[in-house]
Amino acid sequence: MKFIKSGTAIVMSEFGERSVRQGQIVMLGTNVLCGCEPEGQAQVTTIFLDRNYLIDQVYWQYAAVLADRLEASRFLDTPYIEPVQLLSLRREDVARVELSLDELAELSASDFATDLGGGERFYRMQALLSSVLHIIVPYLEIGAMRRARTQRLTTKLRSARPTRFQPLRQEARRAAQLLESDLTRKWTLAELGREVHLSRSRLATVFTDAFGKSPQTYLAVKRVETMAKLLRETPVSIAQAAEDVGWRNRSHAADMFRRYLGVTPSSYRKRLRARSIDQDRPEKRSPTT
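Residues numbered from 1 in each chain as written. Predicted model: local features only at pLDDT ≥ 70, side-chain atom pairs only at ≥ 80, totals over all residues. Heavy atoms only, no water.

Draft legend 1. Seen up close, the pattern of salt bridges. A full pass over the atoms with the stated rule returns ten salt bridges. Glu103 is the partner of Arg124 in a salt bridge, and the nearest nitrogen-oxygen pair spans 2.9 Å. Of this pair, Arg124 sits in helix H4 (residues 118–136) while Glu103 is found in helix H3 (residues 91–108), placing the two residues 21 residues apart along the sequence. (Salt bridge = Lys/Arg side-chain N within 4 Å of Asp/Glu carboxyl O. Helix = DSSP H or I, 4+ residues; strand = E, 2+ residues; numbered from the N terminus.)

So this is what it looks like as structure tokens:
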């Protein structure tokens with residue numbers, strides 16, 4: 001969740017390119033790529049929520065009708081929420097959310113290890129988060145089916161994991177490292193499985209459980225991230241940037257870039273260049289007398 005506290009910005013995601021202003025909230029699902037370019041100056045407060053945490057909250061909220069946390073997880077999956085939503089709050093709700101987020105940000109930056117009041121602060125943070133969710137949840141759009149293309153392609157429904165932290169499986173970590181170490185390689189599940197000593201089907205299950213997406217989707221996202229970095233930080237052409245991450249077909253690269261970041265590579269670079277020109281332009285000064 002990104003709350004635009006002041007200023008304006010351009011948000012790029014699978015819904016395309018949109019301008020966001022003070023008081024609006026950008027809600028992002030798990031594993032959703034999103035770029036944000038401020039127009040001038042902007043202040044943004046960001047909150048990350050773990051799915052297991054949400055399952056616990058839903059379970060205790062509806063403990064009278066839900067048998068266990070697994071049922072709470074299924075309950076969460078029933079109303080489909082799009083992976084990216086732009087929420088425009090009423091003025092009175094903006095003020096309430098801003099006050100709660102300001103205090104929450106201040107408390108989260110505190111050192112719990114040295115603060116004797118850490119326990120009290122934890123409960124205060126819980127209360128502040130609950131108050132924020134209480135305000136914004138009615139603004140969320142839900143439906144009976146997934147509409148967004150990337151959500152239909154990459155989301156896999158599965159049973160809730162145990163409500164405890166577990167180490168990432170070595171095979172999943174190794175597979176991710178292999179993909180990131182050679183983005184240009186045309187990896188297949190069979191090749192990747194041989195490298196980590198798992199069958200194709202088992203690798204797909206283990207990897208998706210660890211990262212929330214298949215190895216092929218993970219590779220595509222990493223290519224988009226790297227390509228965006230090349231366009232942002234180097235003067236290479238779009239075609240060269242696409243080839244450097246493993247896409248020889250520029251049209252296919254543009255389609256993948258737009259699918260995961262919401263804009264074409266050329267639009268992305270134009271926006272960066274326009275912003276650079278604005279920053280380098282000297283400020284206008286009134287003539288002195």
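Draft legend 2. Structural view of the side chain of Asp93. Take Asp93: it is sitting in helix H3. The residues contacting Asp93, other than those within four sequence positions of it, are Ile135 and Tyr139. (Contact = heavy atoms within 4.5 Å.)

Draft legend 3. Structural detail: helix H1 (residues 51–61). Inspection of H1 places Asn52, Ile55, Val58 and Tyr59 among the buried residues, and these make up the whole buried set. With its buried residues spanning 120° around the axis, H1 presents them on a single face. Within H1, the exposed residues directed more than 90 degrees away from the buried face are Trp60 and Gln61. (Buried < 20%, exposed > 50% of the residue type's maximum accessible area, 1.4 Å probe, protein only. Arc of directions from axis to C-beta.)

Draft legend 4. Representation of the packing of aromatic side chains within the structure. Enumeration over the complete set of coordinates arrives at five aromatic pairs. Pairing Phe207 with Tyr218 gives two aromatic rings, centres 5.3 Å apart and planes at 85°, and the pair type is edge-to-face. Of this pair, Phe207 sits in helix H8 (residues 200–211) while Tyr218 sits in helix H9 (residues 215–233); the two residues are eleven residues apart in sequence, bridging distant segments of the chain. For Phe207, a relative accessible area of 0% corresponds to the buried category. Tyr218 sits in the buried class, given a relative accessible area of 9%. Measuring from ring centre to ring centre gives 5.1 Å for Phe211 and Tyr218, while their planes differ by 55°; the resulting arrangement is tilted. Through pairs of rings, three or more aromatic residues link up here, namely Phe207, Phe211 and Tyr218. (Phe/Tyr/Trp six-rings, centres within 6.5 Å; stacked < 30°, edge-to-face > 60°.)

Draft legend 5. Here's a closer look at the packing of helix H6 (residues 170–181) against H9. Relative to each other, H6 and H9 sit at 40°, their axes nearing to 10 Å. The angle between the axes of H6 and H9 places the two elements in the oblique class. H9 is crossed by H6, and the crossing has right-handed handedness. Together, Ala176, Leu179 and Glu180 of H6 and Pro215, Tyr218, Leu219 and Lys222 of H9 make up the contact between the two elements. Its residues assigned to classes, the contact of H6 with H9 shows five nonpolar, no polar and two charged. (Axes fitted to C-alpha atoms, helices over the stretch in contact; angles between N-to-C directions. Parallel < 35°, antiparallel > 145°, perpendicular 65-115°, else oblique. Left-handed = near helix turned anticlockwise from the far one by under 90°. Nonpolar A, V, L, I, M, F, W, Y, C, P; charged D, E, K, R; others polar.)

Draft legend 6. Looking closely at the nonpolar core. Counting residues in hydrophobic clusters, the biggest one holds 23 residues, and the most contacted among them are Val224, Met227, Trp247, Phe257, Tyr260, Leu261 and Tyr268. The set of elements that each furnish at least two residues to this core consists of strand S1 (2–13), H9, helix H10 (238–244), helix H11 (250–261) and helix H12 (265–280). In terms of residue count, H9 provides more of this core than any other element does, seven residues in total. Those residues in contact with Val224, other than ones at most four positions away along the chain, are Leu33, Trp247, Met256, Phe257, Tyr260 and Leu261. Counting residues in hydrophobic clusters, the runner-up holds 20 residues, among them Met1, Ile47, Leu87 and Ile135. (Core = buried A, V, L, I, M, F, W, Y, C linked by side-chain atoms within 4.5 Å.)

Draft legend 7. Geometry of the packing of helix H7 (residues 189–196) against H8. The geometry of H7 relative to H8 is characterised by a closest axis approach of 9 Å and an angle of 80° between their N-to-C directions. Here H7 is positioned roughly perpendicular relative to H8, judged by the angle of their axes. On H8, the residues that touch Leu189, Ala190, Leu192, Gly193 and Val196 of H7 are Arg200, Leu203 and Ala204. Broken down by class, the residue content of the contact of H7 with H8 amounts to six nonpolar, one polar and one charged.

Draft legend 8. A look at the environment of Leu189. Counting through the fold element by element, Leu189 comes out in helix H7. The spacing of Leu189 and Ser214 is 25 residues in sequence and 9.7 Å in space, taken between C-alpha atoms.

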